[in-house]
Amino acid sequence: MAETKESWTSLASILGTLAFCQTLLQLVLPSELRLASLKFLSRTLRCFSSYCYFDVAEMDGVNINELYNAVQLYLGSFASASASRLSLTRARNSSVTTFGLANKDFVADVFHGVAVRWEHAVTQRQSQPSSWRSLPVENRSFKLRIRKRDKDLILNSYLDHIMDKANDIRRNNQERLIYTNSRSDSRGRPWESVPFKHPSTFDTLAMDPEKKRDIMEDLRDFEAGQAFYQRTGRAWKRGYLLYGPPGTGKSSMIAAMANFLSYDIYDLELTEVPSNSELRKLLMKTSSKSIIVIEDIDCSVNLSNRSKAPKALAPRSFSEPGGPNAASGGKDGNNNTMTLSGLLNFTDGLWSCCGSERIFVFTTNHIDKLDPALLRSGRMDMHIYMSYCSYPALKILLRNYLVCEAEDLGEAAARELREAIEKAVMTPADISEVLIKNRRNKERAVTELLEVLKARAERSEKYGGFRVEEEEQEKRALESPKEVSDREDDSCKKAEDDKGKKKAK
């Protein structure tokens, strides 16, 4: 008991001595010198520490620090599993709730096998000038702790990783947008946007499943191909040509691609583009991770096949700037009009790489009307023929509208549907209309569909030629530019020879 009393007495004496010394120091040393001494002591202790610390403040002067927002999104994507206190937020145009660290809470992360720790700090702003009244009343920052031996190894790559992940999270959380161009915008903005809520997906797309798998695999390779495109020295872009009869699902395919990749869509209306320079400006204002669409390109402006135009001179290659009708679509070939040359440079010229991870999609009902220069690889890398409805596509439509499989209708009905669809010439849009109209009565829907299919099959057999014409169209689209040019040069020479024979007669 006596020993305990002596211990408490000694402790009280020590505390009293420390309080006296602190009071003496405050009286003798000015506050600036005390603050400098504390900073010196802190730095001295850090020299013996195995960690280094980095602060990421919310505000960089009067501007918002984008790295802070990126860190907040990145940590919020997994903080809910380990942090004890979280703040909840929901961004504009978003339907997803995001998690954020509360004050003085921390979370651990691992990057390339290196462990790091993040801590969130929130303090009240002491005072702010009148010009800073719009700034937050709190100072928010993240503190990153990394071992000194790992700093040079991962710091820059780790921060780049955080920025990339944050961009992906931000894009997935926000609603996708569809943009359109107009030269009548009084505010000087080249693009106007509205939320894009088209429900089409590859699961609901009425198309041959194998062809859909090929397209989805190609899109996945493109999305994950940044290192490949950099290594091969190619611009990170890809072109798709969708062609086929009206009603075969070209617009639905574009929507499915956008939903699959979570990309925005830029619907380019060529008739609203007055010149090549304006076309370049529109391209510069598009964002990465987007799909640039030109629908019905054969009808937008005069971009028809130059080899079919009247020629007074010998045919020249379509790749030559001075070739016949090189400025097709323009009046005089200068920069004051929208020309074929401008569109070619838009898709595959130097200006086409002023962004990254972009997809160009052209659609047409008449591929034979397009100039071969538009079809070559590098501009339109993948040609996708949107055909009339086949039996695999019909099964998808039955699943979409009648919520049943073709086999559920009975063996006889399924066989009749297969035989009728192989002979009929009907687009998925035509079949969809029959099913929508009778979607509340499955039996009536199947009966009426069979009647319509048989009527179309009889008409197809009577007039014929539809399927053969489609196959020829697809074959022409898949020919190489050289084969197209050689075939067209031969046809032009033959036409000139026939004309010379007629004159001789």
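Everything that follows concerns the structure shown earlier in this document.
Described below are features of the structure shown in this document. (Residues numbered from 1 in each chain as written. Predicted model: local features only at pLDDT ≥ 70, side-chain atom pairs only at ≥ 80, totals over all residues. Heavy atoms only, no water.)

Here the focus is unusual backbone geometry. Within the chain, D296 stands out as a residue other than glycine whose phi angle is a positive 50 degrees. The exposure class assigned to D296 is partly exposed, which follows from its relative accessible area of 32%. In the Ramachandran plot, E357 falls in the positive-phi region, its phi being about 55 degrees despite a non-glycine side chain. Here E357 is to be found in the loop between α10 (340-348) and β14 (358-364). (Buried < 20%, exposed > 50% of the residue type's maximum accessible area, 1.4 Å probe, protein only. Helix = DSSP H or I, 4+ residues; strand = E, 2+ residues; numbered from the N terminus.)

What follows deals with the packing of helix α8 (residues 276-284) against α10. At a minimum axis separation of 9 Å, α8 and α10 run at an interaxial angle of 20 degrees. Relative to α10, α8 is oriented roughly parallel. As for the relative orientation of α8 and α10, their crossing is right-handed in sense. Judged by residue contacts, N276, L279 and L283 of α8 engage G342, L343 and F346 from α10. Here the residues of the contact of α8 with α10 are counted per class, giving four nonpolar, two polar and no charged. (Axes fitted to C-alpha atoms, helices over the stretch in contact; angles between N-to-C directions. Parallel < 35°, antiparallel > 145°, perpendicular 65-115°, else oblique. Left-handed = near helix turned anticlockwise from the far one by under 90°. Contact = heavy atoms within 4.5 Å. Nonpolar A, V, L, I, M, F, W, Y, C, P; charged D, E, K, R; others polar.)

An α-helix turns once every 3.6 residues. As a result, residues three or four positions apart point the same way. Helix length check: helix α7 (residues 250-261), at twelve residues, gives a terminal C-alpha distance of 17 Å against a target of 16 Å (1.5 Å per residue), a fit within 8%. Burial analysis of α7 places nine of its twelve residues in the buried class, the great majority of the element. Among the residues making up α7, those that are buried are K250, M253, I254, A255, A256, M257, A258, N259 and L261. Residues of α7 that are buried make contact with α4 (148-173), α5 (209-223), β11 (237-243), β12 (264-267), β13 (290-294) and β14. Phi turns positive one or two residues past the end of α7, at S262, with a value near 60 degrees. (Expected span 1.5 Å × (residues − 1).)

Further remarks concern empty space enclosed by the protein. One pass over the structure, following the stated rule, counts two cavities of 30 Å³ or more. The calculated volume of the second largest cavity comes to roughly 50 Å³. When contributions to the lining of the second largest cavity are tallied by element, the ones reaching two or more residues are α8 and α10. A per-class count over the lining of the second largest cavity returns three nonpolar, three polar and one charged. (1 Å grid on protein atoms, 1.4 Å probe; cavity = no way out; pocket = protein on both sides within 12 Å on 5 of 7 lines; lining within 4 Å. Points joined across faces, edges and corners; volume = space filled by probe spheres on them.)

One can find N173 in helix α4. Separated by 89 residues in sequence, N173 and S262 place their C-alpha atoms 9.8 Å apart.

What follows covers the nonpolar core. Judged by nonpolar contacts, the single largest core of 29 residues is most densely connected at L241, L268, L270, L279, I297, L343 and F346. When residues of this core are assigned to their parent elements, the largest contribution, four residues, is made by α10. By size, the runner-up hydrophobic cluster in this structure holds 28 residues, among which are I254, M257, A258 and L261. (Core = buried A, V, L, I, M, F, W, Y, C linked by side-chain atoms within 4.5 Å.)

As a further point, take the sheet that holds β13. Strand order in this open sheet of seven strands is β10-β9-β12-β13-β14-β11-β15, and the pairing throughout is mixed. Where the open sheet ends on each side, the last strands, each with one partner, are β10 (191-195) and β15 (382-385). On average, each strand axis in the sheet is tilted by 20 degrees relative to the strand beside it, whichever way the strands run. Looking at chain direction, β11 and β14 are connected through seven bridges and run parallel. Each bridged residue has a counterpart across the sheet, and for Y243 the counterpart in β14 is T364. Along the sheet face, α5 touches β11, β14 and β15 and points at about 155 degrees away from the line of β15. (Pairing = 2+ DSSP bridges.)

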